[in-house]
Each structure stands twice: as C-alpha cells, then as structure tokens.
Amino acid sequence: MQFRQQALAKLQSPEELDLPVRLARPQGWLALSVSVVVMAAASVWAVTGSVASTVGAPAILTHGQGSYILQSPVAGQVTAVLARQGERLPADAPVLKVRTSQGDSVVRTVAAGRVTALAATIGQIIRTGADVAAVEKVAHASDPLYATVYVPAENAAAVPAHARVDLTVSSVSTQEYGVLRGHAISVDRTAQSAQSIAAFLGDTQLGEQFTRKGRPVAVRVRLDKSSHTKSGYRWSSADGPPYRLDSMTLATGSIRLADQHPVDWLLP
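Basis of the calculations
Residues numbered from 1 in each chain as written. Predicted model: local features only at pLDDT ≥ 70, side-chain atom pairs only at ≥ 80, totals over all residues. Heavy atoms only, no water. Helix = DSSP H or I, 4+ residues; strand = E, 2+ residues; numbered from the N terminus. Buried < 20%, exposed > 50% of the residue type's maximum accessible area, 1.4 Å probe, protein only. Contact = heavy atoms within 4.5 Å. Areas by Shrake-Rupley, 256 points an atom, 1.4 Å probe, with all protein chains shown as cover. Pairing = 2+ DSSP bridges. Core = buried A, V, L, I, M, F, W, Y, C linked by side-chain atoms within 4.5 Å. Arc of directions from axis to C-beta. Phe/Tyr/Trp six-rings, centres within 6.5 Å; stacked < 30°, edge-to-face > 60°. Lys NZ or Arg CZ within 6 Å of the ring centre and 35° of its normal.

A. Seen up close, the overall build of the protein chain. Scanning the protein chain from N- to C-terminus turns up seven helices and 14 strands. Looking at the 268 residues of the protein chain, the share that counts as buried comes to 35%. By sequence separation, contacts in the protein chain at least 24 residues apart represent 72% of the contacts at least 6 residues apart. Carbon and sulfur atoms make up 54% of the accessible area of the protein chain, which totals about 16600 Å².

B. Quick look at the sheet that holds strand β5 (residues 94–100). The antiparallel open sheet is built from four strands, whose spatial order is β6-β5-β3-β8. Among the strands making up the open sheet, the edge pair consists of β6 (103–108) and β8 (125–126). Of the pairings in the sheet, the one linking strand β3 (residues 76–81) to β5 comprises four bridges and is antiparallel in character. When the bridges of β5 are listed, Val78 appears paired with Val98.

C. Just the nonpolar core, in detail. Judged by nonpolar contacts, the single largest core of 26 residues is most densely connected at Val149, Leu167, Leu180, Leu245 and Ile255. Among the secondary structure elements, those contributing two or more residues to this core are β1 (54–63), β10 (145–152), β11 (164–169), β12 (180–187), β13 (216–223) and β14 (249–256). Setting aside its immediate chain neighbours within four residues, Leu245 contacts Leu61, Leu145, Val169, Val172, Leu180, Ser231, Tyr233 and Trp235. In terms of nonpolar packing, the next biggest core, distinct from the first, is built from 18 residues, Leu70, Val78, Ala130 and Ala133 among them.

D. Structural context of helix α5 (residues 194–201). Within the span of α5, buried status applies to Ile197, Ala198 and Leu201. Summarising the axial view, the buried residues of α5 lie within an arc of 100°, below the 170-degree limit, and thus occupy one face. Structurally, α5 contributes buried residues whose contacts are with β1, β2 (67–71), β10, α6 (204–210) and β13. Backbone geometry just after α5 places Gly202 at a positive phi near 70°.

E. Representation of the packing of aromatic side chains in the model. Going through the model one piece at a time under the given rule, you end up with one aromatic pair. Stacked on the ring of Tyr146, the Lys or Arg Arg220 has its end atom at 4.6 Å from the ring centre.

Nothing here speaks to function; it is geometry throughout.
Here it is, written out as structure tokens:
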C-alpha cells in the first residue's frame, strides 16, 4: 500500500524539466582535459619524435695508417737486434741480423714507422716468414691519433655518417677526466676477420680478442681536437688528463646510432 501511494504521488507531481542536468563534476572535466592533452602530445611525438640509442664496442687508439707485422725473409739464428722497442725508423732500416747457411742477412723495415713490439731475441732460431716485429706506420710524433671501434656486424648499418662517439680510455680515469669525444668518419662495408685486424694492428692477439664474439665491422673515428687540453683532444671534462695519449691504447667506444621514430617500433 505504501509503494502504491508513492507511485501515485510521483504521477501527480509535475516534471522538473526546468532544473539543470549535471553531466559531470568539475574534477571529471579536469581529468578528461588532461587525458586529451596527454594523448594529443603522445600522438604528435609518435609521428615527429625520435628515440636515440647507442651501441658499445671495443676500440683501440692508433695512428692513421695502422701497423704491419715485420716477417723474416730468411731462416737462421738471430745474432743481433739492431732496433729498440719504441724507436722510430725510416723505411729499409735494419732491425735484426740473422746468420744463415749462406752468410749473414739483415731484416729491414718495409715502411717508415715506430717499433711497437720486438718478437726476436739474440740467439733465437727463426724460420722464413716468422713474425719478428710490429711496426706502426707513423712518420712524425705529432701525427694525430684515430680510434677504430669494432662494432658487431648487426649494428653497423645503423651507424650514421659523422655519428658522435664517446670513448672510455683504459689508461684514463673516467670518474676524474671523463670520456674522449670523437665522430665517425667511415664504416667498413665488410666484416673483419682476426687476420685482417691483426694485419692492421700488427698484433695477432688483438685480432683474436676483437673477433671473440664474431666478426665485427670497423668504424673509423676522428678524435675531436682541442687546444685547451694537454692531450690535444676534447674530453667530457674541461681539461682532460694531464698527459698525452699513446697509440695502441685500448678503449671502449659508445656510438650513437641513427635516431628511430617511435611509430616505427610501436606499430606491428
């Protein structure tokens, strides 16, 4: 009976058509506006924005033309070592004297450079073609250093021209002096074998070390120069280390790859 009276009272009362209808609270409108703005910004970024990524790989500092391994053209016993490690020699300079069955023979440099390693000692018996020295092709002490970064082959295509490169040098404290700055100047078209790396660096162990995880691609890096640092190159710190850098110094390179648009990897 009570429900019937309520229903009759509702039918007899006039409709309240003149009262405003509240569709949403102010807090709801605020949340909706924020959501629309965020979605619009995300859409614009997905189309016009880009994502930067880097690849890290082992590297080494060298002079421009690399090194070569000097091999003995004769077999015999080493009777004299005529060069010193670290010495800069002209082309055709004597390095070893070897006693052979036909008499004494002298092993000479093929091209001018600095002797970075001597593998022969007095009294040692060597065979024809034996590695006796490593010579870095550098004419003057002031010749600039370059870096070679051995990038995994699958990342090489993403390295753009003039890519920015940061080098963590093994002989320099990163916490104190930061990283060495540079830019890529060339990317090899083919992957490097252990033998080709050893031929360029004059070191078979480095060839094996840089190909341990597969055949990499060599990225040549020009170091950014600076007249305000002792090393002559630009660092992430103001002054860099208070000493000059040596060639054949190991490092780790971080190369900035080509920017990718988010829409390329957000869409299936």
